[in-house]
Amino acid sequence: MKTNFEHCLEMLLHHEGGFVNHPKDPGGMTNLGVTKAVYDKWIGRESTEEEMRALTPADVGPIYKKDYWDRVCGDDLPSGVDWCAFDWAVNSGTGRPAKAIQRCVGATQDGAIGPKTLALVFDQDVERIIDYVHDIRQSFYERLPDFDTFGRGWTRRNKETREQAQALVGK
């Protein structure tokens, strides 16, 4: 819950790795998982490749906290669910994990976790929510046109995220 962000950020940065600029990646130039477009918006101007290459965890941590962790209500979700929601939010946008969690617990699927969704989450088995989010995430990846290029890595990441999330349950 409130104490999980730093640990989840550490796991996320392990998943994201360093600087990449893969020609088939629609995110384009990325470092530590932050795309150039996201970083440019954060700093309020266009960044250079040199700046993108020089990003540090201290640079990207506040972006991840405000734009991803807080938007999926990471501090309010049970341990484990916070991690699987956060990791998928960074990888595919905050609405997808929010809607998957909402679908799992029977909440209105509006893509924004709020008090009604949270109340329903706490009435459910946390491990079941984690498994459900994993399955929906995997299905989403497999439908993407570039699954042949990136699917192996996405599948590995999704599996690791589920395992790590299950290990966080109850902590």
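Conventions used here
- Residues numbered from 1 in each chain as written.
- Predicted model: local features only at pLDDT ≥ 70, side-chain atom pairs only at ≥ 80, totals over all residues.
- Heavy atoms only, no water.
- Buried < 20%, exposed > 50% of the residue type's maximum accessible area, 1.4 Å probe, protein only.
- Helix = DSSP H or I, 4+ residues; strand = E, 2+ residues; numbered from the N terminus.
- Contact = heavy atoms within 4.5 Å.
- Patch = residues over 30% accessible without salt bridge, like charges linked within 9 Å, V, L, I, M, F, W, Y side chains within 5 Å.
- Areas by Shrake-Rupley, 256 points an atom, 1.4 Å probe, with all protein chains shown as cover.
- Salt bridge = Lys/Arg side-chain N within 4 Å of Asp/Glu carboxyl O.
- Lys, Arg positive; Asp, Glu negative; His and termini not counted.
- Charge placed at Lys NZ, Arg CZ, Asp CG, Glu CD.
- Core = buried A, V, L, I, M, F, W, Y, C linked by side-chain atoms within 4.5 Å.
- Disulfide = S-S within 2.5 Å.

Caption draft 1: Structural view of helix H6 (residues 95-105). Residues of H6 that are buried: Pro97, Ala98, Ala100, Ile101, Gln102, Cys104 and Val105. On the buried face of H6, the contacting elements are helix H5 (81-92), helix H7 (115-121) and helix H8 (126-143). Gly106 lies just past H6 and shows a positive phi near 85°.

Caption draft 2: The arrangement of a negative patch on the surface in detail. On the surface, Asp125, Glu127, Asp131 and Asp135 cluster together into a negatively charged patch. By secondary structure assignment, the location of Asp125 is in the loop between H7 and H8.

Caption draft 3: Looking closely at the nonpolar core. Grouped together as the largest cluster of nonpolar side chains are 47 residues, with contacts concentrated most on Tyr64, Trp83, Phe86, Ile101, Ile113 and Ile129. Only helix H1 (5-16), helix H4 (57-69), H5, H6, H7, H8 and helix H9 (147-168) provide two or more residues apiece to this core. In terms of residue count, H5 provides more of this core than any other element does, eight residues in total. Setting aside residues no more than four positions away along its own chain, Ile113 makes contact with Val72, Cys73, Leu77, Ala98, Ile101, Gln102 and Leu118.

Caption draft 4: Expanded view of the state of the cysteines. Across all of its chains, the model carries zero disulfides by this definition. Looking at the unpaired Cys73, the closest cysteine sulfur is the one in Cys84, lying at 14 Å. A relative accessible area of 16% places Cys73 in the buried class. No disulfide involves Cys84; its sulfur sits 9.5 Å from the nearest other cysteine sulfur, which is in Cys104. With a relative accessible area of 4%, Cys84 lands in the buried category.

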